[in-house]
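Coordinate inspection notes
As a plain string of letters, each chain reads:
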Amino acid sequence: MLSSSVMIRRFCSFSVTASSSAPSTITSNSKKKRLVFLGSPQVSASVLDALFNASAAQDSLFEVTAIIAQPPTRRDRGRKVMPSPVAQHALDRGFPSDLIFTPVKEAFLSNFKALEPELCVTAAYGNILPTKFLNIPSKGTVNIHPSLLPLYRGAAPVQRALQDGVKETGVSLAYTVRKLDAGPVIARERVTVDDQIKAPDLLELLFALGSKLLIRELPSIFDGSASGRAEEQDDSRASLAPKITPEESWLSFDEDAQVLHNKVRAFAGWPGTRARLMVIDPSSGESGSIELKIITTRIYSGIRSQDIEANDVLFTKGSLVIPCGGDTALEVLEVQLPGKRTVNAASFWNGLRGQILKK
């Protein structure tokens, strides 16, 4: 969490150096509103791209004057220190490196205030902003949140919505207040949820829609009319979307297949979903267990679960069929062994060389 003493250090390409001087400024059109963007992951980069494109229009009301992103992290197999996708995208677009900031424990608010931001926009930024920060931009701070607020407030709205098996979700553009995702809503966009879509794809879709909402509503945000018509949230209808933990990734086939299918979709990307199965050699009777990452599933609509031996895993029509709770069955289409690439169920089954799978 950012505290009132949180500060910013400069971000330059792939290295970070501390600086106590005030940030430089970009060439500014005094008639344009000053907007600061806060975000870090790839979905945030898509929002930043929309802002860059909109600000480049001749009739644009605003300019992006600074960007705040999470610090560089070690990524990829080489474990190189890499900038966040937002920071990298900004550099690729030619944005001044000394106006791309990352939070560290130094004094920040005075330098941030010197930028004279009129509006801050957040998209998957990842930190809670303190009141002293929120009081600086004259038009406030607005956030793109991938749910129909007040539903699914919190860190994992898309994942928790898919886990719950919702048929409809959406994206909200809302003012940021100290209470988590509880600010007045400026606009919403609803979408129907396909029963096969996974969290990364739905997240990308919702932030794309959120970008369009933001660009559409920016004139009313800057002239103040959005604040007057923004809808206060009904806290009695609020639901929470807590952060996902790796311990949640295990599948229990005692649960209904629909519950498991929803979990596979929700946890796709990170942390994924895992299961343990027993492998038996029918000729020797020897057995062991394997751990699988379950990548893609659907609800099996063929033979009834009770027609399958309670613990038998079948292979039919290119899929693994696993009996589940409530007389249901889960069809597994893609899997991944530890340290291996994702393969379809047929390739995995052929690799068993006649061995039998059981729950």
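Structure's up top.
Throughout, a residue's number is its position along its own chain's written sequence, starting from 1. The predicted origin of the model limits local features to residues at a pLDDT of at least 70 and limits the giving and counting of side-chain atom pairs to 80 or more, whereas totals for whole chains, interfaces and linings rest on all residues. Hydrogens and waters are ignored; side-chain quantities use all the structure's heavy atoms.

The helix and strand inventory of the protein stands at 9 helices and 18 strands. The buried label applies to any residue whose accessible area, calculated with a 1.4 Å probe on protein chains only, is under 20% of its type's maximum; exposed applies above 50%, and partly exposed to all values in between. Buried positions account for 48% of the 359 residues belonging to the protein. Contacts are assigned to residue pairs that have any heavy atoms within 4.5 Å of one another. Contacts in the protein between residues far apart in sequence, at least 24 positions, make up 69% of those at least 6 positions apart. For the protein, the accessible area works out to roughly 17500 Å², and carbon and sulfur atoms hold 50% of it. Secondary structure elements follow DSSP: runs of H or I no shorter than four residues count as helices, runs of E no shorter than two count as strands, and numbering proceeds from the N terminus. What sets the accessible areas is the Shrake-Rupley method with a 1.4 Å probe; for residues, cover comes only from the shown protein chains.

Looking now at the side chain of Glu331. You can see Glu331 is positioned in strand β16 (residues 328-336). A polar side-chain atom of Glu331 sits 2.8 Å from a polar atom in the side chain of Ser319. Discounting residues that sit within four places of it in the chain, Glu331 has contacts with Thr296, Thr297, Arg298, Ile299, Tyr300, Ser319 and Leu320. Polar contact is the term for a pair of N or O atoms within 3.5 Å; when the atoms are in protein, one must be able to donate a hydrogen and the other to accept it, and sequence-neighboring residues count only if both atoms are side-chain atoms.

Here a salt bridge means any side-chain nitrogen of Lys or Arg lying within 4 Å of a carboxyl oxygen belonging to Asp or Glu. Counted by the stated rule, this structure contains 13 salt bridges. When the shortest N-O distance is used, the salt bridge between Arg190 and Glu168 registers 3.0 Å. Of this pair, Arg190 sits in strand β11 (residues 185-192) while Glu168 sits in strand β10 (residues 168-175); the two residues are 22 residues apart in sequence, bridging distant segments of the chain. Residue Arg190 is classed as exposed on the basis of its relative accessible area, which comes to 53%. On the basis of relative accessible area, Glu168 is assigned to the partly exposed category, the value being 41%. Its salt-bridge partner being Lys358, residue Asp312 comes within 2.3 Å of it at the nearest N-O pair. Pair noted here: Asp312 is in the loop between β13 (287-299) and β14 (314-316) and Lys358 is in strand β18 (residues 356-358), with a separation of 46 residues, a long-range link. On the basis of relative accessible area, Asp312 is assigned to the buried category, the value being 18%.

Among the structural elements, Lys293 can be located in strand β13. C-alpha of Lys293 to C-alpha of Ser249: the two residues are 44 residues apart in sequence and 9.3 Å apart in space. Every residue in contact with Lys293, bar those within four places of it in the chain, is listed here: Gly269, Pro271, Gly272, Thr273, Arg274, Glu334, Val335 and Gln336.

Attention now goes to the packing of helix α1 (residues 42-55) against helix α2 (residues 85-92). In this analysis an axis means a line fitted to C-alpha atoms, helices contributing only their contacting stretch, and an angle means the value between N-to-C directions, from 0 to 180 degrees. In contact at an axis separation of 8 Å, α1 and α2 are set at 30 degrees when each is read in the N-to-C sense. At the point where α1 passes α2, the crossing takes the right-handed sense. Between α1, through Gln42, Ser44, Ala45, Leu48, Asp49 and Phe52, and α2, the contact on the second element is made entirely by Pro85, Val86, His89 and Ala90. Three classes are used: nonpolar for Ala, Val, Leu, Ile, Met, Phe, Trp, Tyr, Cys and Pro, charged for Asp, Glu, Lys and Arg, and polar for all others, with Gly counted as polar. Of the residues belonging to the contact of α1 with α2, the class tally is 6 nonpolar, 3 polar and 1 charged. The crossing is said to be left-handed when, going from far helix to near helix, the turn is anticlockwise and less than a right angle, and right-handed when the turn is clockwise.

Another point: the nonpolar core. By nonpolar core is meant a set of buried Ala, Val, Leu, Ile, Met, Phe, Trp, Tyr and Cys residues that side-chain atoms within 4.5 Å join together. Residues Leu35, Phe37 and Phe133 are the most contacted members of the largest nonpolar core, which totals 69 residues. Top contributing element to this core by residue count: helix α6 (residues 199-223), with 10 residues. With near-sequence residues (within four places) excluded, Phe133 lies in contact with Leu38, Ile68, Phe108, Leu109, Phe112, Cys120 and Thr141.

Within α2 the residues assigned to the buried category are Val86, Ala87 and Ala90. All buried residues of α2 lie within an arc of 100 degrees about the axis, which places them on one face of the element. Gly94 sits one or two residues past α2 and shows a positive phi near 85 degrees. By arc we mean the arc of the directions from the helix axis to the C-beta atoms, nothing more.

A word on the side chain of Asp312. Side-chain polar atoms of Asp312 contact the side chain of Lys358, separated by 2.3 Å. Among all residues touching Asp312, those that are not within four sequence positions of it are Val321, Pro323, Leu357 and Lys358.

Here we take up α6. For α6, built from 25 residues, the straight-helix expectation of 36 Å at 1.5 Å per residue is met to within 8% by its first-to-last C-alpha distance of 35 Å. Looking at the residues trailing α6, positive phi occurs at Gly224, about 90 degrees. By definition here, a helix of n residues has an expected span of 1.5 Å times n minus one.

The next subject is the packing of α1 against α6. Remark: α1 packs on α6, axes separated minimally by 9 Å, with the N-to-C direction vectors making an angle of 30 degrees. Regarding the angle of α1 to α6, the classification is roughly parallel. Handedness of the crossing formed by α1 with α6: right-handed. On α6, the residues that touch Val43, Ser46, Val47, Ala50, Leu51 and Ala54 of α1 are Leu203, Glu204, Phe207, Ser211, Leu214, Ile215 and Leu218. Class assignment for the residues of the contact of α1 with α6 results in 10 nonpolar, 2 polar and 1 charged. Angle categories: roughly parallel below 35 degrees, roughly antiparallel above 145, roughly perpendicular from 65 to 115, and oblique for all the rest.

This part is about the packing of aromatic side chains. Only the six-membered ring of Trp is used, alongside the rings of Phe and Tyr, when aromatic pairs are assigned; centres must lie within 6.5 Å, and planes under 30 degrees apart are stacked while those over 60 apart are edge-to-face, with the rest tilted. The tally for this structure, following the rule as stated, stands at 4 aromatic pairs. When the ring of Phe52 is compared with that of Phe95, the centres are 5.8 Å apart and the planes differ by 40 degrees; the resulting orientation is tilted. On the criterion of sequence distance, the pair formed by Phe52 in helix α1 and Phe95 in the loop between α2 and β7 (100-104) is long-range, its members being 43 residues apart. Classification of Phe95 by relative accessible area gives buried; the value is 9%.

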